[in-house]
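So you can see what is in the structure, the chains are spelled out below.
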Amino acid sequence: MRYTFFLYHDEAGATEVSEADMERGLRMFGEYIGALKKAGVFVDTDRLAPSPTATTLSIRNGERLIQDGPYAETKEQLGGTFVIDVPDLDAAIGWAEKCPAAHFGKIEIRASIMPEGGNPYAG
């Protein structure tokens, strides 16, 4: 079963991180990705640009509305994702607690609802 980890953190605190701490953090994430791959559960990951660079789109009454910035104004912002393939939620929680992001933010874990073998929207 596929699970996605949504990694949230307070972007305001990120400006206070030293270069040495940033390098250490990147190394920790590299090691975590290596462990996921070695275990055969890694599917994908993505590191997102800071939330102020976001553009939010909606369509209301046939009119396209564009907003600079993220959809939600919150203290913690979505900073990245991991997708893993494991047997159950307990296994997903086990991998989430090993993720470096758990030490400075929060990780939301959600199961995929994709049917086995493909995209339900593909023609």
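Residues numbered from 1 in each chain as written. Predicted model: local features only at pLDDT ≥ 70, side-chain atom pairs only at ≥ 80, totals over all residues. Heavy atoms only, no water.

Participant: Any chance you could break down the layout of surface pockets for me, citing the residues and the numbers?
Facilitator: As a volume, the largest pocket reaches approximately 940 Å³. Forming the boundary of the largest pocket are 30 residues, of which His9, Met22, Phe29, Arg47 and Phe104 lie nearest the centre. For the lining of the largest pocket, the secondary-structure elements that each account for two or more residues are strand S1 (2–9), helix H1 (11–14), helix H2 (19–39), strand S2 (42–47) and strand S5 (77–85). With eight residues, H2 is the largest single contributor of residues to the lining of the largest pocket. (1 Å grid on protein atoms, 1.4 Å probe; cavity = no way out; pocket = protein on both sides within 12 Å on 5 of 7 lines; lining within 4 Å. Points joined across faces, edges and corners; volume = space filled by probe spheres on them. Helix = DSSP H or I, 4+ residues; strand = E, 2+ residues; numbered from the N terminus.)

Participant: Quick one: what's the story with the nonpolar core, residue by residue and with numbers?
Facilitator: Of all hydrophobic cores here, the largest spans 15 residues; its most connected members are Phe5, Phe82, Ile84 and Trp95. Of all the elements in the fold, those that place two or more residues in this core are S1, H2, S5 and helix H3 (89–96). Residue contacts for Trp95: discarding those within four places in its chain leaves Phe5, Tyr32, Ala35, Leu36, Ala39, Val41, Ile84 and Val86. (Core = buried A, V, L, I, M, F, W, Y, C linked by side-chain atoms within 4.5 Å. Buried < 20%, exposed > 50% of the residue type's maximum accessible area, 1.4 Å probe, protein only. Contact = heavy atoms within 4.5 Å.)

Participant: Please set out the sheet that holds S1 residue by residue, giving values where relevant.
Facilitator: Spatially, four strands are ordered S2-S5-S1-S6 in an open sheet, and the strand pairing comes out antiparallel. The open sheet is flanked by S2 and strand S6 (106–111), the only strands paired with a single partner. The average undirected angle you get between the axes of adjacent strands in this sheet is 20 degrees. Strand contacts of H2: S1, S2 and S5, with the helix running at about 160 degrees to S2, the strand carrying the most contacts. (Pairing = 2+ DSSP bridges. Axes fitted to C-alpha atoms, helices over the stretch in contact; angles between N-to-C directions.)

Participant: Can you tell me about the pairing of strand S3 (residues 55–60), naming the residues and giving the values?
Facilitator: Pairing of S3 with strand S4 (residues 63–68), which is carried by six bridges, proceeds in the antiparallel orientation. Bridge pairing links Ser58 to Leu65 in S4. Hairpin remark: S3 followed by S4, antiparallel, with two residues in the connecting loop; positive phi at Asn61, about 55 degrees.

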